[in-house]
Amino acid sequence: MLDACAELLDEIGYEALSTTRIADRAGVAIGSVYQFFPDKRAITQELTRRNVELFVSRVGRRFLDEDYDGWWEAVDAIIDEYVAMHRSVPGFKSLHFGDVVDLNLLDSDSDNNTVIAGRLRGLLLREFGLADSHELDVAVLVAVEAGDAVLKLAFRRLPEGSPEIIEAAKQLIRGFLSRQLKAWSPTPA
């Protein structure tokens, strides 16, 4: 059902999405949909959770498989993973992290980007030994918000994402974080 929802989101968008269409696409009775999900919002919420878990898992796997000289290279990897998922994961480009449907889709107490920032902050803390602080929380949250906005622009310009705007997003985030986290900034080349 989640896969059917993802496909339909890409084809017709959230407004035209319905539980009936999801059931038809999934090849199940409408009652089966309602057995697990009360409405289309609940289905898209679960799809968003799945996308977030997939995103964090893919970033975490990259952190394990690849060596980075510092957090700034990890930031590029995070953006590259977001771009790759936007291009290849059904439903991801339509929902991003749920903001199309509800800014509090992932957590009723925190907006979606705050949840994402917290997950990415945790990965950066584990991988690069950054000191946990309120300043780090704020810096990562602002970087996620800014990156999200610029990357959305990249995909509004071109369906596969404007390479120059994606690169600008990387520069923007690295520059901002370098100024905010001076102790962990890359040494100039």
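Residues numbered from 1 in each chain as written. Predicted model: local features only at pLDDT ≥ 70, side-chain atom pairs only at ≥ 80, totals over all residues. Heavy atoms only, no water.

Asker: Sorry if this is basic, but what is going on with the overall build of the chain here?
Answerer: Counting its secondary structure elements, the chain contains 9 helices and 0 strands. Shown N-terminal to C-terminal, the secondary structure of the chain runs as helices and strands in the order α-α-α-α-α-α-α-α-α. Each of the 189 residues in the chain was classed as buried or not, and the buried ones make up 46%. Here the analysis covers contacts within the chain between residues at least 6 apart in sequence; of these, 61% occur between residues at least 24 apart. Just so you have it, the chain exposes about 9,700 Å², and 51% of that area is on carbon and sulfur atoms. (Helix = DSSP H or I, 4+ residues; strand = E, 2+ residues; numbered from the N terminus. Buried < 20%, exposed > 50% of the residue type's maximum accessible area, 1.4 Å probe, protein only. Contact = heavy atoms within 4.5 Å. Areas by Shrake-Rupley, 256 points an atom, 1.4 Å probe, with all protein chains shown as cover.)

Asker: Please explain helix H5 (residues 71-88) as it appears in this structure.
Answerer: For an α-helix, 3.6 residues make a turn, and residues three or four places apart therefore share a direction. Helix length check: H5, at 18 residues, gives a terminal C-alpha distance of 25 Å against a target of 26 Å (1.5 Å per residue), a fit within 8%. Listed in full, the buried residues belonging to H5 are Trp-71, Ala-74, Val-75, Asp-76, Ala-77, Ile-78, Ile-79, Glu-81, Tyr-82, Val-83, Met-85 and His-86. (Expected span 1.5 Å × (residues − 1).)

Asker: Please clarify how helix H4 (residues 40-65) should be interpreted in this entry.
Answerer: For H4, built from 26 residues, the straight-helix expectation of 38 Å at 1.5 Å per residue is met to within 8% by its first-to-last C-alpha distance of 37 Å. Sitting at the amino-terminal end of H4 is Asp-39, which places a side-chain oxygen 3.3 Å from the backbone nitrogen of Arg-41. (Polar contact = N/O pair within 3.5 Å; in protein donor to acceptor, adjacent residues only side chain to side chain.)

Asker: Even after reading the chapter, I still don't get the confidence of the model for the chain, so can you show me in this structure?
Answerer: Any segment with low pLDDT has predicted coordinates that should not be analysed in fine detail. Chain-level pLDDT for the chain is 84 on average; 87% of the residues reach the 70-or-more range. Low confidence marks residues 184-189, where pLDDT is under 50. Its contacts with residues over four positions away, or in another chain, come to 10 contacts. (pLDDT = per-residue confidence, 0-100.)

Asker: How should I be thinking about the nonpolar core in this particular structure?
Answerer: Nonpolar side chains tend to gather and get buried jointly when the protein is soluble and globular. Among the nonpolar cores identified, the biggest contains 39 residues, and Phe-55, Phe-63, Ile-79, Leu-120, Leu-124, Leu-151 and Leu-177 are the most heavily contacted of them. Contributions of two or more residues to this core are made by H4, H5, helix H7 (112-128), helix H8 (134-157) and helix H9 (163-180). In terms of residue count, the dominant contributor to this core is H5 (9 residues). The contacts of Leu-151, once residues within four sequence positions are left out, are Ile-79, Tyr-82, Val-83, Ile-166 and Ala-169. Among the nonpolar cores identified, the runner-up in size contains 16 residues, and Leu-2, Ala-4, Ala-6 and Leu-47 belong to it. (Core = buried A, V, L, I, M, F, W, Y, C linked by side-chain atoms within 4.5 Å.)

Asker: Sorry if this is basic, but what is going on with the pattern of salt bridges here?
Answerer: Summed over the entire model, instances satisfying the criterion amount to 12 salt bridges. Notably, a salt bridge pairs Glu-11 with Arg-25, separated by 2.7 Å at the nearest N-O pair. Residue Glu-11 is located in helix H1 (residues 2-16), and its partner Arg-25 is located in helix H2 (residues 19-26); the two are separated by 14 residues in the primary sequence. The exposure class assigned to Glu-11 is exposed, which follows from its relative accessible area of 51%. Residue class for Arg-25 comes out partly exposed when judged on its relative accessible area of 35%. Overlapping salt bridges, with partners in common, bring together Arg-58, Arg-62, Glu-66 and Glu-81 in one network. (Salt bridge = Lys/Arg side-chain N within 4 Å of Asp/Glu carboxyl O.)

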